[in-house]
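These are the residues of each chain, in order.
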Amino acid sequence: MGILQTYRIKAPRCARPKRTIFGLPEACDLTFPRLGESRTWRWHPSGKSGETEHGLKTGVGSWQGRARDSLRSWPQIGLGTFRHPFLTLAVVAWTLFFPCLDAACGADRAGGSIEAALASITATELREHVSFLADPAFEGREAGSPAAQKAAHWLAEQLRQIGLTPAGVDGGFLQPFGQGMTNVLGLIPGSDAELAQQFIVVGAHFDHIGYGRKREGEPRVYPGADDNASGVAGVLELAEACSMVSLKRSVLVALWDGEEKGLLGSKHWAKSPTIPLQRIVISLNLDMVGRLRENSLQLVGVRSGGGWRRLFVLQNPGDLSLRFSWNLRPDSDHVTFFNVGVPSVMFHTGLHEDYHQPTDTAERINYEGAERVVRYAFVVLHDLANREELPKFRPEARDEKPPDEVARPLPRLGIECRPSSDTGPVEIVRVLEGFPAAEAGLQSGDRITKIAGQPLAAFEELLKTVATAEEVIELTVEKAEGAESRQVRIPLRGKPAPFGLLLGLDPADPGVAVVLDVVPLSAGATAGLKRGDRIWEIDGQPLGNDPLTAVEEWARNWQKYSSRPSLRLTIEREGRVIHIDLAHPSRN
């Protein structure tokens, strides 16, 4: 029958090194790719007859199908029921004479290499998980539904197979709550006697919206492949990767139910935690990570911890553009943890036209992109789990708003401006209290029409003059209420812009000088610096506790006392660390 041509047995993957009767390993997987279809069977050794939770007969042993099999027809075969005797002999020989070698099964895999753990996160396995959870048989996984309960039990089985310690209630993986809803919780204990008392929560919600909004005609399943089978698949892969390495801190793997109904699962856990809430040091949430586009990954909530941004940037392999969102709306489970004082970050690849639609199907997922996102999440998690100290919680993040992307700042004057048109007068949007412009009587809505008696041609001219003038600037200002214009001489605060850069500070990102604007034709502009760049170091030297003063001193000393042809700036741009060489002003 060509059995050996149609079946190929992969090395089994075991949850633990413990072995049971006849030396057979406890809970091994065998995968049989057959005619392009992959099926995995699970060995359940037992000393007595009985039934598994799925109704499978157990005796000396039985094999349980999983993953790609339909919910309604869990396959059940035993050693005596293989239809092909040669395959039966092959399986028996494998299990008896090659019983779960540590290298193949991952027995006691903690302490393995990071490279091997990263390699275990694959697009293929992500596809298998997403395809299974987004199958129509799960009816959209609406919280509290029988299908969602089946999903919860399947997820608990996955955590058990990986080898996690149950972290639910009554010694199991499940935490029931509400009307038929269930969180799924597993634990990876830390290896350090002290740091193991701290926990990192890695979570994703597995529920979706079932049949969605009621409409006329036949109801349609909303599969929720990206929202959030993709996040669940990512967490399962993270759990497996984490089980292969040593982590000093403990990791709580949490698969939440009821998120679509108002973050119910994570809220219930926060009120009835299965480990002490005060021991949680950070929450990482994967929600919709299956549609990576243009290499852009959103990180939501990084401002909830002082200095977290730098930790996330340092682990970027360089092929991702990190977008740091200021949003802390209660739209996913990370916000639950922020509300109880825990720094919380969500990985997110963005909304799309299939969001909460029947078209959010498994075939539309970018699995290669999801692999990159989850691998990045793993190196972040590995770093956070092994650092001696972590940054503290920032409650200020709740009320912080992103800076106005339209208004342009002029900090030496203390105003923010908006060009009235591409050329001509400039409108004052905001006047900062206590700055020179406010003391000179300038107000929001006023328009600047001239500099030193000469008509203002464009905003860039005002920007350059304010940034480079030594002490005083003369402006002609037209009042907002239409009164006659007047001339004012305004003393400028501070020194001319170092390197032609207008710089500011971000309280959530200490030790960094943020580029608010770049003076045209300056050293910074010539080198290619941009608005939003964040300066970390100059010639390899950190900027310290007073970044603005540090940059000013570097610029002044370099321009006046040094003949060096260039300086190297280490900056962060969109989550990537890059180096930019500034040419000496005498060479511009």
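A brief report on the enclosed structure follows.

The rules behind these values
- Residues numbered from 1 in each chain as written.
- Predicted model: local features only at pLDDT ≥ 70, side-chain atom pairs only at ≥ 80, totals over all residues.
- Heavy atoms only, no water.
- Helix = DSSP H or I, 4+ residues; strand = E, 2+ residues; numbered from the N terminus.
- Buried < 20%, exposed > 50% of the residue type's maximum accessible area, 1.4 Å probe, protein only.
- Contact = heavy atoms within 4.5 Å.
- Areas by Shrake-Rupley, 256 points an atom, 1.4 Å probe, with all protein chains shown as cover.
- Salt bridge = Lys/Arg side-chain N within 4 Å of Asp/Glu carboxyl O.
- Polar contact = N/O pair within 3.5 Å; in protein donor to acceptor, adjacent residues only side chain to side chain.
- Phe/Tyr/Trp six-rings, centres within 6.5 Å; stacked < 30°, edge-to-face > 60°.
- Lys NZ or Arg CZ within 6 Å of the ring centre and 35° of its normal.
- Core = buried A, V, L, I, M, F, W, Y, C linked by side-chain atoms within 4.5 Å.
- Expected span 1.5 Å × (residues − 1).

1. Focus: the overall build of the protein
Part 1: Counting its secondary structure elements, the protein contains 15 helices and 29 strands.
Part 2: Per-residue burial over the protein gives 52% buried out of 588 residues.
Part 3: Once local pairs closer than 6 in sequence are excluded, the contacts in the protein between residues at least 24 apart make up 68%.
Part 4: Counting every atom, the protein has about 26500 Å² of accessible surface; 51% of that belongs to carbon and sulfur.

2. Quick look at the pattern of salt bridges
Part 1: Under the counting rule described, the total for this entry stands at 21 salt bridges.
Part 2: When the shortest N-O distance is used, the salt bridge between R323 and E574 registers 3.1 Å. In this pair, R323 is assigned in strand β15 (residues 321-325) and E574 in the loop between β28 (566-573) and β29 (576-583), connecting sequence segments 251 residues apart.
Part 3: A salt bridge links D509 to R534; the nearest nitrogen and oxygen atoms lie 2.9 Å apart. Of this pair, D509 sits in the loop between β24 (501-504) and β25 (513-518) while R534 sits in strand β26 (residues 534-538), and the two are 25 residues apart along the sequence. The burial state of D509 is the same as that of R534; both residues are buried.
Part 4: Several salt bridges share partner residues, and in doing so they unite R303, R394, E400, D506, D509 and R534 into one network.

3. A look at the side chain of N183
Part 1: Relative to the elements of secondary structure, N183 occurs in strand β10 (residues 181-188).
Part 2: Polar contacts involving the side chain of N183 include one to the main-chain carbonyl oxygen of G265, which spans 2.9 Å.
Part 3: Here N183 is in contact with F173, L174, Q175, F177, L255, W256, D257, G265, H268 and W269, once residues within four sequence places are set aside.

4. Digging into the packing of aromatic side chains
Part 1: Overall, the coordinates contain nine aromatic pairs when judged by the stated rule.
Part 2: When the ring of W256 is compared with that of F337, the centres are 6.0 Å apart and the planes differ by 45 degrees; the resulting orientation is tilted. Taken as a pair, W256 in strand β12 (residues 250-256) and F337 in helix α10 (residues 334-338) lie far apart in primary sequence, 81 residues in all. Comparing W256 with F337 shows no difference in burial state: the two are buried.
Part 3: In this arrangement the basic side chain of R303 is found over the ring face of W326, its NZ or CZ atom lying 3.7 Å from the centre.
Part 4: The ring centre of F435 lies 4.2 Å from the NZ or CZ of R493, which sits over that ring.

5. As for the nonpolar core
Part 1: With 77 residues, the main nonpolar core has V184, L299, F347 and Y376 as its most contacted residues.
Part 2: Beyond its immediate stretch of four places on either side in the chain, Y376 contacts L297, L299, F312, V313, Q315, N316, P317, L320, L322 and F347.
Part 3: By size, the runner-up hydrophobic cluster in this structure holds 26 residues, among which are I415, I451, L463 and A469.

6. As for unusual backbone geometry
Part 1: Cis geometry marks the peptide bond from D227 to N228; its omega dihedral reads 0 degrees.
Part 2: In this fold, N228 is placed in helix α7 (residues 225-242).
Part 3: Residue L263 is not a glycine yet carries a positive backbone phi of 60 degrees.
Part 4: Inspection of the secondary structure assignment puts L263 in the loop between β12 and α8 (264-271).
Part 5: In the Ramachandran plot, D539 falls in the positive-phi region, its phi being about 50 degrees despite a non-glycine side chain.
Part 6: As for its placement among the helices and strands, D539 is situated in the loop between β26 and β27 (541-542).

7. Some details on helix α11 (residues 367-386)
Part 1: Helix length check: α11, at 20 residues, gives a terminal C-alpha distance of 28 Å against a target of 28 Å (1.5 Å per residue), a fit within 8%.
Part 2: Of all 20 residues in α11, 17 are buried; the element is thus mostly enclosed.

8. A word on the environment of G186
Part 1: Mapped onto the elements, G186 comes out in strand β10.
Part 2: For G186, a relative accessible area of 0% puts it in the buried group.
Part 3: In this structure, the C-alpha to C-alpha distance between G186 and A239, residues 53 residues apart in sequence, is 9.0 Å.
Part 4: Each residue touching G186, except ones within four places of it in the same chain, is listed here: L159, L164, T165, A167, F173, V251, L252 and V253.

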